[in-house]
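Given next are the chains, with one letter for each unit.
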Amino acid sequence: MSDQPKGQSIEEKQYLVRFKADTRSHLHVLDYDICATKCPDKICTIFCPAEVYKWEDVRMHVGYEGCHECGSCRIGCPHQNIKWEYPKGGHGIIFRLA
Amino acid sequence: MAEKFDVIVVGAGPAGTSCAYTLAKAGVNVLMIERGEYPGSKNVMGGVLYRKMMEDLIPEFYKEAPVERPIVEQRFMMLDQESALTFGYKGLEWGREPYNNFTVLRAKFDQWFADKAVEAGALLINETVVLECIVEGGKVVGVRTDRPDGDVYADVVVLADGVNSLLAKSLGFHKEFRPDEVALAVMEVLKLDKKIIEDRFNLEANQGCTIEIFGDATKGILGTAWLYTNKESLNIGVGTMLSGLIKHKLKPYELLEYVKQHPMIRPYIQGSEQQEYLAHLIPEGGYRSMPRIVGDGVLVTGDAAQLVNAIHREGSNMAMTSGVLAAEAIMAAREADDFTEKTLDSYRVKLMNSFVGHDLQKYKDATHHFEKYPHYFEQYIPLMNRAASQMFTVDGTPKREKQKKIWRDLGSTGQKFKIARDLYNAWKVMK
């Protein structure tokens, strides 16, 4: 259906969320070469619900500040190439409702 | 000198708080450690809380707890692209005491519940991450936090740290979960006028409705979408196995947009205002994915123990039961002054003999069965819709001919056998 509106982007959704970002990342790509050479799908850039992972030209960019701390990237990375920790106490996402 | 408590509970969600509350009420010196700004700030739930397990802890909690609406109607929608086959149950007995379940907003509810544990005597420390369990001679004796001089000791540590239980994993209680053992759920809270909600969902004041949506809501892959009524907002969400998102290269938030704009769903949410967007994993591996849950000086509860019944959208109630049973096992261990695995194992035994263990065993093959055979969602739901459309469209064709056409629509004899076999197998994994 061509008249169906395209819908809201993830950037707009993320504006609804409260974050208290730490100055250091709690997400670490262990080996950037693996993303570049062994992972044609770069599937984390697709399933991450906050689009934290973005492939920019030649390198994986990790926007940890908008992370929902769901854990999907750690479990879903086909190369176990993501070191996932909790952000420092009190930091990270702060859900207000459901 | 480092502090010592009787019990440390890691995580102030439903499992941890139930455990801490039960212990504190019995006079046990318990510390609850929460990594969020406040309890609930890291938690997400579709929105349904069952009354019974909560009431076992705090009688008539609904009179003071921040609950939204008691659910009087549960609908199930088998969705196709331009149609839906819907059935449900509405019962006014659910709108009266003792109620069946309520919609709740977790960030509010968890704060209230944790406060109850504090009132009972538990100590709650927020904004603190437990980095690891302190293990001495094979026994867990405390936790190391991210605070300066942050080591704290206890006779027993209860892990209620949720689906991403890095602690249970680091103790070797389980390996990393696989993408087919967790569902990724994304949802939104949509603000909408009370009166409009009640009109649209055919409710009176202080009545709630839930709709579980299958089929096209997840584009045929294993999972569900949902639409729940709060007092002055709706929760709309969609969850699918992480493995399904990977296989179909689906973006979860685009799937959510697809659901929101689906012509069968859109009329319910029209005119609402977005308040929050949330994502979380649900441990849906079931019985076969349960980690080890007892060790020397340590117990694992709630999501961290994979205690979720995905078929019946139950989880927080199981978490509460596990928290209480963990507390009871700890109290028995205190009597015996023995905190070894042997004594604490009474927790595991009681849990597996409770409804939690029974239900997990009943559905132990269900999720994996539907994951393995996607045609339940991909083919049979559209087929049901086509059949209904056939039968209910009055166009002068005799009903018997319509039935014949529906029968032909099922395919060749071989395909019909396959459908019969699938139905039998579905019954088998659900029975």
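Residues numbered from 1 in each chain as written. Chains lettered and ligands numbered in written order. Predicted model: local features only at pLDDT ≥ 70, side-chain atom pairs only at ≥ 80, totals over all residues. Heavy atoms only, no water.

1. Overview of unusual backbone geometry
With the exception of glycine, most residues fall at negative phi, and the peptide bonds are largely trans. Residue and element names in this part refer to chain B. Cis geometry is adopted by the peptide bond preceding P98, which originates at E97 and carries an omega value of 10°. Tracing the backbone through its elements, the reader meets P98 in the loop between β5 (84–90) and β6 (101–104). One non-glycine residue, D149, adopts positive backbone phi at about 50°. By secondary structure assignment, the location of D149 is in the loop between β9 (139–145) and β10 (151–159). Positioned with a positive phi, N206 is a non-glycine residue whose angle comes to about 60°. Within the secondary structure layout, N206 lies in the loop between α5 (194–200) and β12 (208–215). Judged by its relative accessible area of 44%, N206 falls in the partly exposed class. (Helix = DSSP H or I, 4+ residues; strand = E, 2+ residues; numbered from the N terminus. Buried < 20%, exposed > 50% of the residue type's maximum accessible area, 1.4 Å probe, protein only.)

2. Examining the packing of aromatic side chains
All chains considered together, the criterion is met by 18 aromatic pairs over all chains. Every member of this aromatic cluster is reached through a ring pair, and the members are F61(B), Y62(B), Y99(B), F102(B), F109(B), W112(B) and F113(B). Here the guanidinium or amino end of R59(A) rests over the ring plane of Y32(A), the centre of that ring lying 3.7 Å away. (Phe/Tyr/Trp six-rings, centres within 6.5 Å; stacked < 30°, edge-to-face > 60°. Lys NZ or Arg CZ within 6 Å of the ring centre and 35° of its normal.)

3. Remarks on the nonpolar core
If you look at the biggest cluster of nonpolar residues, it comprises 77 residues, and the most contacted ones within it are I8(B), V9(B), M54(B), F61(B), F109(B), L159(B) and Y347(B). The greatest single-element share of this core, amounting to 10 residues, is contributed by helix α9 (residues 316–336) of chain B. Here F61(B) is in contact with L49(B), R51(B), M54(B), E55(B), V67(B), F102(B), F109(B) and W112(B), once residues within four sequence places are set aside. The next biggest cluster of nonpolar side chains, apart from the first, holds 76 residues, and it includes C67(A), I82(A), L184(B) and I236(B). (Core = buried A, V, L, I, M, F, W, Y, C linked by side-chain atoms within 4.5 Å. Contact = heavy atoms within 4.5 Å.)

4. Comments concerning the side chain of E181(B)
Residue and element names in this part refer to chain B. Here E181 is to be found in the loop between α4 (166–170) and β11 (182–191). Among the polar contacts made by the side chain of E181, one reaches the main-chain amide nitrogen of R178 at a distance of 2.7 Å. Other than its neighbours up to four places away in sequence, E181 contacts E176, M241, I282, P283, E284, G285, S289 and Q306. (Polar contact = N/O pair within 3.5 Å; in protein donor to acceptor, adjacent residues only side chain to side chain.)

5. Digging into the environment of E68(B)
Residues and elements named next belong to chain B. Along the chain, E68 falls in strand β4 (residues 67–79). On the basis of relative accessible area, E68 is assigned to the buried category, the value being 8%. Spatially, the C-alpha atoms of E68 and A333 are 38 Å apart, while their sequence positions differ by 265 residues. When residues no more than four places from it in sequence are discounted, the contact partners of E68 are T103, V104, L105, K108, N206, N230, K231 and E232.

6. Concerning the interface of chain B and chain A
Tallying the contact residues gives 54 residues for chain B and 43 residues for chain A. Three residues stand out in chain B for area buried against chain A, namely Y253(B), E276(B) and Y277(B), and they jointly supply 16% of the buried area on that side. Inspection of the region where chain B meets chain A yields 8 salt bridges. A salt bridge links K20(A) to E127(B), with the nearest nitrogen and oxygen atoms 4.0 Å apart. Summed over the shared surface of chain B and chain A, the result is 24 residue pairs in polar contact (both at pLDDT 80 or more). Counting residues per element, the ones that place at least two in the side of chain B that touches chain A are α3 (106–120), α4, β11, α6 (242–248), α7 (252–260) and β15 (273–283) of chain B. For the side of chain B that touches chain A, the element with the highest residue contribution is β15(B), accounting for 8 residues. Residue composition of the side of chain B that touches chain A, by class: 25 nonpolar, 12 polar and 17 charged. (Buried area = accessible area lost by both parts, 1.4 Å probe. Salt bridge = Lys/Arg side-chain N within 4 Å of Asp/Glu carboxyl O. Nonpolar A, V, L, I, M, F, W, Y, C, P; charged D, E, K, R; others polar.)

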